[in-house]
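Close look at the chain arrangement
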Amino acid sequence: MALFDRAIVRVLPVVPRSVVRRISNSYIAGTTIEAAISVVRELNEQGKMATIDVLGEEVSGRREAAEIVRAYHDVFEAIERERLDSNVSVKLTALGLNLAYELCRANLLRVVRHAAESGNFVRIDMEDSSTTSETLQLYRELREEGLDNVGVVLQAYLRRSIRDIHDLAPLQPNVRLCKGIYVEPPLIAYQDYEEVRQNFLRCLRELLQIGSYVGIATHDQFLIDEGERLVAERGLTRDEYEFQMLLGVRGFAGDRLVRDGHRLRIYVPFGEHWYQYSVRRLQENPKIAGYVASDTVNRLFGADSR
Ligand SMILES: Cc1cc2nc3c(=O)[nH]c(=O)nc-3n(C[C@H](O)[C@H](O)[C@H](O)COP(=O)(O)OP(=O)(O)OC[C@H]3O[C@@H](n4cnc5c(N)ncnc54)[C@H](O)[C@@H]3O)c2cc1C
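First, a word on scope: everything that follows refers to the structure included in this document. (Residues numbered from 1 in each chain as written. Predicted model: local features only at pLDDT ≥ 70, side-chain atom pairs only at ≥ 80, totals over all residues. Heavy atoms only, no water.)

Spatial ordering of the closed barrel is given by β1-β2-β3-β4-β5-β6-β7-β8, a layout of 8 strands whose pairing is parallel. Mean inter-strand twist for the sheet, computed between neighbouring axes without regard to direction, equals 30°. (Pairing = 2+ DSSP bridges. Helix = DSSP H or I, 4+ residues; strand = E, 2+ residues; numbered from the N terminus. Axes fitted to C-alpha atoms, helices over the stretch in contact; angles between N-to-C directions.)

Structure (structure tokens):
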């Protein structure tokens, strides 16, 4: 990322919310479930699967967490009613992890059981490193209760991930493997771009070795190419792994994967709590400075009054 872009990333938190909203529109399906359904339907028509995320991390009370649980119930009903090819992704802080472990466990159980009733699947997103151990512990507890329609996420920037794969191996976990988006200290996380890539590949090889179903979640063409090579090398059929991408990011690379016969799942977030998710996406956008600058120019000169 160029120096100017890095500077913009640092000041993003003070960029007005209305600007963040405008330039992050493509990353989010909308604020309503109807908007999410419409985006998923369109993706399905393009031969892509989806995973719907109800935005709402770090809730501050039990009532808010209960609302998120209810929102997921509505999502499952909509997926079934509309016959969509989609599962869901949940953030444990949205289910109350920072309020109380047991509360979060109960909420997660509700969501996963409801998914099971309609033959659906729940992916537990991975958040910052303060939540990693509890997230993996909750995943383990659910699997030990016999719930198989649940998967977890591992982050290649974390030094611990390779150990986590070994620890989880007896469960043959269904894992989304991604680089990781939160800012973590060097003691626990690789900082160097190439090191993260290499650890991504190491984790991917290990996961395939233990027989895991892997969601290879990246827009990095080098990792996509290597992922394709590794699944071919192991002779996996197309339903034994999938690629995953975020809504609004490198759509053309996703189209190519689908054309080449791979399964691709797109992460489709929706809801009122769009701000934190949007800021994280903008921080990763290599063209962020240009977007913020052109939005500012448009506002100053009235060229764009959306
Ligand atoms: C389906 C999915 C689910 C995820 N779930 C989690 C999770 O649970 N926990 C977690 O910590 N992280 C999650 N992530 C985010 C992930 O950890 C990375 O931060 C993110 O995918 C960027 O890494 P990359 O592998 O795409 O490589 P990068 O090197 O960051 O990106 C490769 C290229 O993709 C393009 N690109 C990437 N991001 C953007 C963007 N926002 N806007 C425009 N262009 C972009 C750029 O051209 C960039 O050069 C998820 C990612 C995906 C795809």
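Turning our attention to the nonpolar core. Core analysis: the largest hydrophobic core is formed by 83 residues, its most contacted members being Val 90, Leu 92, Leu 95 and Leu 108. Excluding anything up to four places from it in sequence, Leu 95 contacts Ala 65, Ile 68, Val 69, Val 90, Leu 103, Cys 104, Asn 107, Leu 108 and Val 111. (Core = buried A, V, L, I, M, F, W, Y, C linked by side-chain atoms within 4.5 Å. Buried < 20%, exposed > 50% of the residue type's maximum accessible area, 1.4 Å probe, protein only. Contact = heavy atoms within 4.5 Å.)

On to the pairing of strand β8 (residues 264–270), then. Taken across its 7 residues, β8 has 7 buried, putting it largely inside the fold. Where strand β1 (residues 49–54) meets β8, 6 bridges bridge the pair, whose relative direction is parallel. Of the residues in β8, the one forming a bridge with Val 54 is Phe 270. Relative to β8, strand β7 (residues 241–246) runs parallel, the two sharing 4 bridges. Bridge pairing links Gln 244 to Arg 265 in β8.

Okay, the site of the ligand next. Surrounding the ligand, one finds 26 residues, the nearest of these being Tyr 27, Gly 180, Tyr 193, Thr 218 and Glu 284. Within the backbone of Gly 180, a nitrogen or oxygen atom sits 2.6 Å from an oxygen atom of the ligand. Isolated, the ligand exposes 920 Å² of accessible area, and the fraction of that covered by the protein chains is 86%. Elements represented by at least two residues in the shell around the ligand include exactly β4 (150–155), β5 (175–178), β7 and α11 (275–284). With 3 residues, β7 is the single largest residue contributor to the shell around the ligand. Of the residues assigned to the shell around the ligand, the class counts are 13 nonpolar, 6 polar and 7 charged. (Near = heavy atom within 4 Å. Polar contact = N/O pair within 3.5 Å; in protein donor to acceptor, adjacent residues only side chain to side chain. Areas by Shrake-Rupley, 256 points an atom, 1.4 Å probe, with all protein chains shown as cover. Nonpolar A, V, L, I, M, F, W, Y, C, P; charged D, E, K, R; others polar.)

With 6 of 6 residues buried, β1 lies mostly within the body of the structure. Both faces of β1 are covered, namely the face carrying Met 49, Thr 51 and Asp 53 and the face carrying Ala 50, Ile 52 and Val 54. Judged from the 4 bridges that link them, β1 and strand β2 (residues 86–90) form a sheet pairing that is parallel. Within the sheet, the bridge partner assigned to Ala 50 lies in β2 and is Ser 86.

Let us now look at the packing of aromatic side chains. Tallied over the entire structure, the rule returns 3 aromatic pairs. Plain terms: the ring middles of Tyr 241 and Phe 243 are 6.1 Å apart, the flat faces sit at 90° to each other, and that makes the pair edge-to-face. Considered together, Tyr 241 and Phe 243 belong to a single accessibility category, that of buried residues. On the numbers, 6.1 Å between centres and 5° between planes, the contact of Tyr 267 with Tyr 277 is stacked. Here Tyr 267, found in strand β8, pairs with Tyr 277, found in helix α11; they are 10 residues apart in sequence, far enough to count as distant. Judged by its relative accessible area of 7%, Tyr 267 falls in the buried class. (Phe/Tyr/Trp six-rings, centres within 6.5 Å; stacked < 30°, edge-to-face > 60°.)

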